[in-house]
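Chain by chain, the residues run as shown.
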Amino acid sequence: MEKRKKLWYWIITVILSFCIFSGGLAQAVQAEGVVKGFKPLGYPTYFISIIGVWKMLGVVAILIPGFKLLKEWAYAGIFFTMTGAVISHIASNDVSAQIIAPFILAVFAVLSWYLRPADRKIITVNS
């Protein structure tokens, strides 16, 4: 069972990391499509780059070995960013297919956090 759990951890974490990092990169450089997607939300343009840089740093924190507390913060940041995106779209009446991806990525962040191996957790439980 432990091998299966670790396999699912890595599958989900790689998908999550790719999506968050590539989206963060597009935000950091303010790609045209990303800026258009943020317009209905009313956020200032500079905010897009800030979120993008933090997303990329969060992925790095999750993937590198060690830094267990930093990983906890990174998972929380990704979860809050993704759920915040869903809420922002709903609050600005921009309810469309754009809320599906951040919702799924929030779920993936929770799954990756839950499935992470013991050596990536702050407190390990010996059973």
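Residues numbered from 1 in each chain as written. Predicted model: local features only at pLDDT ≥ 70, side-chain atom pairs only at ≥ 80, totals over all residues. Heavy atoms only, no water.

Undergrad: Can you help me understand the nonpolar core in this one?
TA: Taken as a class, soluble globular proteins show a tendency for nonpolar side chains to be buried jointly. If you look at the biggest cluster of nonpolar residues, it comprises 15 residues, and the most contacted ones within it are Leu16, Ile20, Ile62, Ile78, Met82 and Leu105. Mapped onto this core, the elements with two or more residues apiece are α1 (2–28), α3 (45–63), α4 (68–91) and α5 (100–115). Those residues in contact with Leu105, other than ones at most four positions away along the chain, are Leu16, Cys19, Ile20 and Met82. (Core = buried A, V, L, I, M, F, W, Y, C linked by side-chain atoms within 4.5 Å. Buried < 20%, exposed > 50% of the residue type's maximum accessible area, 1.4 Å probe, protein only. Helix = DSSP H or I, 4+ residues; strand = E, 2+ residues; numbered from the N terminus. Contact = heavy atoms within 4.5 Å.)

Undergrad: Got a minute to help me understand the pattern of salt bridges in this structure?
TA: Pairs may arise between side chains of opposite charge once their charged atoms sit close together. Under the definition given, this model contains two salt bridges. When the shortest N-O distance is used, the salt bridge between Arg116 and Glu72 registers 2.6 Å. Separated by 44 residues along the polypeptide, Arg116 in the segment after α5 and Glu72 in helix α4 bring together distant segments of the chain. The class of Arg116 is buried, set by a relative accessible area of 7%. (Salt bridge = Lys/Arg side-chain N within 4 Å of Asp/Glu carboxyl O.)

Undergrad: Teacher, can you tell me more about the layout of surface pockets here?
TA: The method is simple in principle: a probe with the dimensions of a water molecule rolls over the atoms, and the space it marks as empty is what remains. Size it by volume and the largest pocket reaches roughly 540 Å³. As for the largest pocket, its lining consists of 24 residues, and the residues nearest its centre are Gln27, Phe38, Lys55, Met82 and Ala85. Those elements giving two or more residues to the lining of the largest pocket turn out to be α1, α2 (32–38), α3, α4 and α5. Looking at which element gives the most residues to the lining of the largest pocket, the answer is α4, with six residues. (1 Å grid on protein atoms, 1.4 Å probe; cavity = no way out; pocket = protein on both sides within 12 Å on 5 of 7 lines; lining within 4 Å. Points joined across faces, edges and corners; volume = space filled by probe spheres on them.)

Taken by themselves, the reported measurements are silent on function.
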